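# Analysis of the macromolecular model
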Amino acid sequence: MSVFLRRAIRAASQPSIWLAVVLGLDAVIAVAAIVVGRSVDLSDLLAAAPLLACARCGGRVTTLVAGYAIALCAIVTAVAGMLGTASAGYRFAIVVGAGVFAVFASVIRSRREGALIRISERVQRAILRPLPAELGGMAFASHYQSATTQALVGGDLYDITMTQFGPRFIIGDVKGKGIEAVGRCAAVLAVFRELAFGEPDLIRLAEEMDARLSRDMDAEDFVTVILAEFAPGQVRMVNCGHHPPVRLAAGAGGLQVMAPQRYEPPLGLHPHPTRQDIVLRPGDRLLFYTDGLVETRDRAGRFFDLDAHVATALADPDLDAAVRGVVKLLLEHAGDGLTDDVLLVLGEAVVGSG
């Protein structure tokens, strides 16, 4: 499916676009009913508008659409000269009944969606706990940007914990979105928090997490992750199918992609990663991110590039401002909104930590 078709489908699902389509459809039906006149009575098809509106619109808008459909039905009946006939009354009752049912269905749906959104936001806050401003010689800033206005939970996850081996960090992306991804995210974080304190070797930590998580995964399930361990002057890291972080050296203008020696599959697909040891001098920064950052396209279908503009944004002296700058560039690139959730974590080696 082309990017343009995906954007068209996504746009059509927006309430405003959906409402315009619904109103236009009933207008076409009304014109057709007037043209054919008594030969084929199409007025009962006007019930389509409120029934379609209730799938995307709230109770008030659906009520207005139902009134619009009833008014069109009355106009068609009058123009066709069928006022007062039993057939007209029957078809008018169909449109009114459909309108009442649509309003009722819309109200129920809106209430359930509202409850789901509230639950999702609470789960999101529990999964994406705020990172400490500083831990183990590293300063951190993070940002989660949802692809939906309702901030439903996606499959992005992260956590950091202080262990006897130093600060250990995980960032990952679970296959799937919404509520289905919540349980899997929670399971990944629970396993990480349990094993991170007992396994000294990062490679073994990744393999043990894979073994534990694979028990409850289907054949098509997987989790891309990076496991990192911060130490004075360096970060040790293993990558299981995740986009590699980029490093901005202190005083340098460009970004360096910290690609692993070889790419390994995600957790759930039995990776055997190698460890990377990356030098981090005071002032050096590492940007970890999920695939929503680099897989976001603009209107022409071009991916978001980690270019000089991103490097400039990341060089902002304030870590939080640096992350916000990247988010701003991303939203400007996307134009009509994100199609995937984005999680950014920016770490900086604190002066004196090396």
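Read on for a plain summary of the structure. Within each chain, residues carry numbers counting from 1 in the order of the written sequence. Only residues with pLDDT of at least 70 are given local features in this predicted model, and only at 80 or more are side-chain atom pairs given and counted; all residues enter the totals for whole chains, interfaces and linings. Think of the side-chain values as coming from all heavy atoms in the structure, minus any hydrogens and water.

### Brief notes about unusual backbone geometry
- One non-glycine residue with positive phi stands out, namely His-270, at about 60°.
- Secondary-structure assignment places His-270 in the loop between β8 (256–257) and β9 (276–279). Secondary structure counts use DSSP, requiring at least four H or I residues in a row for a helix and at least two E residues in a row for a strand, with both numbered from the N terminus.

### Side note on the packing of aromatic side chains
- For Phe, Tyr and Trp, where Trp contributes only its six-membered ring, two rings pair if their centres lie within 6.5 Å, and the inter-plane angle classes them as stacked under 30 degrees, edge-to-face over 60, or tilted in between. Inspection of every chain in the model, using the stated rule, returns two aromatic pairs.
- Measuring from centroid to centroid gives 5.6 Å for Phe-140 and Phe-230, while their planes differ by 70°, and the two rings are edge-to-face. With Phe-140 in strand β2 (residues 138–145) and Phe-230 in strand β5 (residues 223–231), the pair connects residues that are 90 residues apart, well separated along the chain.
- On the accessibility criterion, Phe-140 (7% relative accessible area) is buried.
- Judged by centre distance (5.0 Å) and plane angle (55°), the rings of Phe-169 and Phe-288 are tilted. Of this pair, Phe-169 sits in strand β4 (residues 166–174) while Phe-288 sits in strand β10 (residues 285–289), and the two are 119 residues apart along the sequence. There is no split in this pair, since Phe-169 and Phe-288 are both buried.
- Stacked on the ring of Trp-18, the Lys or Arg Arg-56 has its end atom at 5.5 Å from the ring centre. Here the term buried applies to any residue with accessible area under 20% of the maximum for its type, exposed to any over 50%, and partly exposed to those in between, with areas from a 1.4 Å probe on protein chains only. In this scheme, Lys NZ or Arg CZ marks a charge over a ring once it lies within 6 Å of the ring centre and within 35 degrees of the ring normal.

### Focus: the side chain of Thr-274
- Tracing the chain through its elements places Thr-274 in the loop between β8 and β9.
- Those residues in contact with Thr-274, other than ones at most four positions away along the chain, are Ile-203, Met-237, Val-238, Gln-261 and Arg-262. Here, residues are in contact when the closest pair of their heavy atoms is within 4.5 Å.

### Considerations on the pairing of β4
- Burial analysis of β4 places nine of its nine residues in the buried class, which makes it a mostly covered element.
- Pairing between strand β3 (residues 156–163) and β4: eight bridges, direction antiparallel. In the sheet register, Leu-157 faces β4, and the bridge partner there is Gly-172.
- We call two strands paired when DSSP finds no fewer than two bridges between them. Hairpin connection from β3 to β4: two residues lie between these consecutive antiparallel strands.
- Where β4 and β5 come together, seven bridges link them in antiparallel fashion. Bridge assignment links Asp-173 to a residue of β5, and that residue is Thr-224.

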